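Report on the structure
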Amino acid sequence: MEQGQVISIKLFDDLVNLYAFGHATACGITGKCSVQYVVEANGDVFPCDFYALDPYRMGSLLNAGPSSLADAAAPFLAVGEGHPRELPCRGCRYEKSCGGGCRRMRDRIYLENGVCCYAGLLDDILPQLLRFAQSWVSGQ
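Residues numbered from 1 in each chain as written. Predicted model: local features only at pLDDT ≥ 70, side-chain atom pairs only at ≥ 80, totals over all residues. Heavy atoms only, no water.

A few points about helix 6 (residues 117-138)
Its 22 residues give helix 6 an end-to-end C-alpha distance of 31 Å, which sits within 8% of 32 Å, the value for a rise of 1.5 Å per residue. Buried residues of helix 6: Tyr118, Ala119, Leu122, Ile125, Leu126, Leu129 and Ala133, and no others. Backbone geometry just downstream of helix 6 places Gly139 in the positive-phi region, at approximately 80 degrees. (Helix = DSSP H or I, 4+ residues; strand = E, 2+ residues; numbered from the N terminus. Expected span 1.5 Å × (residues − 1). Buried < 20%, exposed > 50% of the residue type's maximum accessible area, 1.4 Å probe, protein only.)

Listed below in structure tokens is the structure:
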């Protein structure tokens, strides 16, 4: 890598942003759903890529405006708010860093045989990310 070249890793960027400024751009980081619209080639709109399934179709850009699509997203967001964490997630030292993760992916990725797949990674990287977040906040 050349001097001054930036490498961005979405998960790391989201964690630094969370710890530096208190908000994250990825819904999996907070454990709550947020609409991140997916528009299919035929104009169909879904709340996110993990819910691009017929039961979650919010409408179509071909016959609905942005405000009606936002209205269609409201029930999806209500379902995602504060969904319960699986027992292994409760009281986890990294709850602020992942919030239990994306509810759709959780059973497949975050908890494997009752073990959080994030914990080992965060054990290794979080101290460095916290130092980076602190330097970002202090402007150094």
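Picking up after the structure, the text goes on.
A short note on the packing of aromatic side chains
Scanning the model with the defined rule gives 1 aromatic pair in all. Here Tyr51 and Tyr56 contribute two aromatic rings whose centre-to-centre distance is 4.6 Å and whose plane-to-plane angle is 80 degrees, an arrangement assigned as edge-to-face. The exposure class of Tyr51 is buried, given its relative accessible area of 7%. (Phe/Tyr/Trp six-rings, centres within 6.5 Å; stacked < 30°, edge-to-face > 60°.)

Examining the environment of Ala73
If you trace the backbone, Ala73 turns up in helix 3 (residues 66-80). Taking the relative accessible area as the measure of exposure, Ala73 reaches 2% and is therefore buried. In this structure, the C-alpha to C-alpha distance between Ala73 and Met58, residues 15 residues apart in sequence, is 6.8 Å.

Overview of the pattern of salt bridges
Pairs can form between side chains of opposite charge whenever their charged atoms are close. A complete count under the given rule lists 3 salt bridges for this structure. Its salt-bridge partner being Asp44, residue Arg57 comes within 3.0 Å of it at the nearest N-O pair. A residue pair is termed long-range when its members are at least 10 positions apart, and Arg57 in the loop between strand 2 (44-46) and strand 3 (59-60) and Asp44 in strand 2 qualify at 13 residues. Since its relative accessible area comes to 15%, Asp44 is described here as buried. Between Asp123 and Arg93 there is a salt bridge whose closest N-O contact spans 3.0 Å. Of this pair, Asp123 sits in helix 6 while Arg93 sits in the loop between helix 3 and helix 4 (95-98); the two residues are 30 residues apart in sequence, bridging distant segments of the chain. (Salt bridge = Lys/Arg side-chain N within 4 Å of Asp/Glu carboxyl O.)

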